[in-house]
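What the coordinates show
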Amino acid sequence: AETKCGGGKESLKMSFKFLTAGKATTNGRIYPERILRKAMGAFAERLKAQPAYGASNHPSRNSMELDQVSHMITGAWMEGDDAMVEINLLPTQKGRNLAAILKAGGKMGVSLRAEGETKRDDKTGYDLVQPGLAIMGVDFVMNPASGCYAGNENIFESASLSEANEEACRARFRQAVSAGFKGS
């Protein structure tokens, strides 16, 4: 049987856009379509083997501590120029906080967490992301550079969880971390 992980006593599954290829972000970066599409393909393949984890606020470095985790990223794909993800909010403190905000009608910014290099385009003044972009995760933030937000309209499944399922979700995360997962 599949274990559903979610925020608090309910499982909240969401899908949303977190970045648009070719569109400048407020932090001055442009992710060319070809580069973003390749990175999303690699990220989607990695998710088939093991989910990635996201935080409520970007971690100070690209690896996370257990107490920062708010959600599990289970799918990634491109829709046209838009980079999309599917997530499950987890029954962690940060996951429950996000679930409460979203269920109350609030919106949260969503932001890419990645490693890569940029090169300044002197004509446009923007930093162009270069080949080799590696997506580590997608986090919830207050002010996203991408201008992308997720709200309760992005929730596509909400189901009750039992205490046993919550513990199974926590055990799955602990197992992933002990197996050498770096928290992305």
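Since the model is a prediction, treat every value here as computed from it, not as a measurement.

**Thoughts on the sheet that holds strand β2 (residues 29–30)**
- The strand order β2-β8-β7 describes an open sheet built from three strands, whose pairing is mixed. Two strands close off the open sheet at either side, each with one partner strand: β2 and β7 (118–120).
- Sheet topology note: the β7/strand β8 (residues 127–129) ladder contains three bridges and is antiparallel. Residue pairing across strands places Lys-119 opposite Leu-128, the latter belonging to β8.

**Observations regarding the nonpolar core**
- Among the nonpolar cores identified, the biggest contains 35 residues, and Phe-16, Phe-18, Leu-36 and Phe-140 are the most heavily contacted of them.
- Going through the elements one at a time, β1 (10–20), α1 (33–49), β4 (69–79), β5 (82–89), α2 (93–103), β6 (108–115) and β9 (134–141) are the ones with two or more residues in this core.
- Counting residues per element, this core draws most heavily on α1, which supplies seven residues.
- Those residues in contact with Leu-36, other than ones at most four positions away along the chain, are Leu-19, Ala-21, Tyr-31, Met-78, Ala-83, Leu-133 and Ile-135.
- Tyr-53, Val-69, Met-72 and Leu-90 belong to the second-largest nonpolar core, a separate cluster that totals six residues.

**Topic: α1**
- Taking 1.5 Å as the rise per residue, α1 with 17 residues should run 24 Å; its terminal C-alpha atoms sit 25 Å apart, in good agreement.
- Those residues of α1 that sit buried are Ile-35, Leu-36, Ala-39, Met-40, Phe-43, Ala-44 and Leu-47. Along the long axis of α1, the arc covered by the buried residues comes to 165°, so they all point the same way. Residues of α1 that are exposed and angled more than 90 degrees away from the buried face: Arg-34, Lys-38, Lys-48 and Ala-49.

**Regarding unusual backbone geometry**
- Phi at Asn-57 takes a positive value of approximately 90°, unusual for a residue other than glycine.
- Its location among the elements puts Asn-57 in the loop between β3 (52–55) and β4.

Parameters and conventions
- Residues numbered from 1 in each chain as written.
- Predicted model: local features only at pLDDT ≥ 70, side-chain atom pairs only at ≥ 80, totals over all residues.
- Heavy atoms only, no water.
- Pairing = 2+ DSSP bridges.
- Helix = DSSP H or I, 4+ residues; strand = E, 2+ residues; numbered from the N terminus.
- Core = buried A, V, L, I, M, F, W, Y, C linked by side-chain atoms within 4.5 Å.
- Buried < 20%, exposed > 50% of the residue type's maximum accessible area, 1.4 Å probe, protein only.
- Contact = heavy atoms within 4.5 Å.
- Expected span 1.5 Å × (residues − 1).
- Arc of directions from axis to C-beta.

Just geometry here; none of it tells us what the structure is for.
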